[in-house]
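One letter stands for each residue in the lines below.
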Amino acid sequence: MLPIESSVNGLLKIFCITSKGPLVQHCKSLTIDSADFVNIIQYSESRLIPYLHTIHHSEFVPIDVAPTREDAVFGQLTPGTQLEGNALKFFNKIGQVFKVRRLLVGHMFINPQSQQWHFFYFDQRDTDHLSNHWKKGPHIHFINYLWPKYTAQTLWEKFATGNPNISRSIHIRYYDADLMPESIHPVKKRVLS
């Protein structure tokens, strides 16, 4: 069996808080480290915590930027060929896809006895260190059974549609050393003397 690391206590506390106000306050002071999040998943799968874990990931590309069969002449070009017409359109659409697509990941934790559930989700923009839409930077979204508008099933179905708009979720600061650019990484930035 895996030992439970003390660093996950703040994250595990989320599963124990039964009132929305204290939960929101706790989440404001919390930073979830990616390693701790992986540990929680492993604890769930090892039955060290009484929650079952399931994951869903998908890629959502808006229909207006998705390349079509007619655009797919790009592969027929030879090196050095000037891009024009459908080939240029295809090339531009591919660039747009990388700008506007969403790579969604959702983690649901459910306690089968109490039916309490906790849902964490994010896309690649949420965990981006350089151009994050949240003023406090990289984050993941959180919502649980204390939100009366949702059940675990309705939330899961909404998320699985590919482009969910889940209202009133909490933003929790998120840290992943592997995703942090070297220019701002606290460890990689140090100069050895």
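Described in the following lines is the structure provided in the data block. None of the values given here were measured: they were computed from a predicted structure.

## Brief notes about unusual backbone geometry
Logical step 1: With a phi close to 65 degrees, Gln115 is a non-glycine residue in the positive phi region.
Logical step 2: As for its placement among the helices and strands, Gln115 is situated in the loop between strand S3 (102–110) and strand S4 (117–122).
Logical step 3: A relative accessible area of 52% means that Gln115 is categorised as exposed.
Logical step 4: A positive phi angle, near 70 degrees, is found at Arg168, a position not held by glycine.

## Notes on a positive patch on the surface
Logical step 1: Taken together, the side chains of Lys20, Lys149, Lys158 and Arg168 make up a positively charged region of the molecular surface.
Logical step 2: Mapped onto the elements, Lys20 comes out in helix H2 (residues 20–28).

## A word on the environment of Phe120
Logical step 1: Along the chain, Phe120 falls in strand S4.
Logical step 2: With relative accessibility at 1%, the residue Phe120 sits in the buried group.

## Examining the side chain of Asp176
Logical step 1: Structurally, Asp176 can be placed in the segment after strand S6 (170–175).
Logical step 2: Reaching out from Asp176, the side chain makes a polar contact with the side chain of Ser34 at a distance of 3.4 Å.
Logical step 3: Among all residues touching Asp176, those that are not within four sequence positions of it are Ser34 and His129.

## Structural notes on helix H1 (residues 9–16)
Logical step 1: Residues of H1 that are buried: Leu11, Leu12, Ile14 and Phe15. Viewed end-on, H1 has its buried residues packed into an arc of 135 degrees, placing them on one side of the element.

## Topic: the pairing of S4
Logical step 1: In terms of burial, S4 is largely enclosed, as six of its six residues are buried.
Logical step 2: Burial of the side chains of S4 extends over both faces: Trp117, Phe119 and Tyr121 are buried on one face and His118, Phe120 and Phe122 on the other.
Logical step 3: Bridge count for S3 against S4 is six bridges, and the pairing is antiparallel. Bridging from a neighbouring strand, Gly106 pairs with Tyr121 of S4.
Logical step 4: Pairing between S4 and strand S5 (residues 139–144): four bridges, direction antiparallel. Its bridge partner lying in S5, His118 is registered against Asn144.

## Focus on the packing of H1 against helix H3 (residues 34–45)
If you want to describe how two helices pack, look at the angle between their axes and the distance between the axes.
Logical step 1: The geometry of H1 relative to H3 is characterised by a closest axis approach of 9 Å and an angle of 50 degrees between their N-to-C directions. With respect to H3, the axis of H1 lies oblique. Facing H1, whose interface residues are Leu11, Leu12 and Phe15, H3 presents Asp36, Phe37 and Ile40.
Logical step 2: Residues of the contact of H1 with H3, tallied by class, amount to five nonpolar, no polar and one charged.

## Focus on H2
Logical step 1: Taken as a whole, H2 has its buried residues at Leu23, His26 and Cys27. Here the buried residues of H2 occupy an arc of 95 degrees about the axis, which is enough to place them on one side.
Logical step 2: In the core, the buried residues of H2 are packed alongside H1, S5 and S6.

## Quick look at the packing of H1 against H2
Logical step 1: Their axes nearest at 10 Å, the elements H1 and H2 cross at an angle of 165 degrees. Considered as vectors, H1 and H2 are oriented roughly antiparallel to each other. H2 is crossed by H1, and the crossing has left-handed handedness. Note on element contacts: H2 touches H1 through Leu23, His26 and Cys27, opposite Gly10, Lys13 and Ile14.
Logical step 2: In terms of residue class, the contact of H1 with H2 is made up of three nonpolar, two polar and one charged.

What counts, and where the lines are drawn
Residues numbered from 1 in each chain as written. Predicted model: local features only at pLDDT ≥ 70, side-chain atom pairs only at ≥ 80, totals over all residues. Heavy atoms only, no water. Helix = DSSP H or I, 4+ residues; strand = E, 2+ residues; numbered from the N terminus. Buried < 20%, exposed > 50% of the residue type's maximum accessible area, 1.4 Å probe, protein only. Patch = residues over 30% accessible without salt bridge, like charges linked within 9 Å, V, L, I, M, F, W, Y side chains within 5 Å. Areas by Shrake-Rupley, 256 points an atom, 1.4 Å probe, with all protein chains shown as cover. Salt bridge = Lys/Arg side-chain N within 4 Å of Asp/Glu carboxyl O. Lys, Arg positive; Asp, Glu negative; His and termini not counted. Charge placed at Lys NZ, Arg CZ, Asp CG, Glu CD. Polar contact = N/O pair within 3.5 Å; in protein donor to acceptor, adjacent residues only side chain to side chain. Contact = heavy atoms within 4.5 Å. Arc of directions from axis to C-beta. Pairing = 2+ DSSP bridges. Axes fitted to C-alpha atoms, helices over the stretch in contact; angles between N-to-C directions. Parallel < 35°, antiparallel > 145°, perpendicular 65-115°, else oblique. Nonpolar A, V, L, I, M, F, W, Y, C, P; charged D, E, K, R; others polar. Left-handed = near helix turned anticlockwise from the far one by under 90°.

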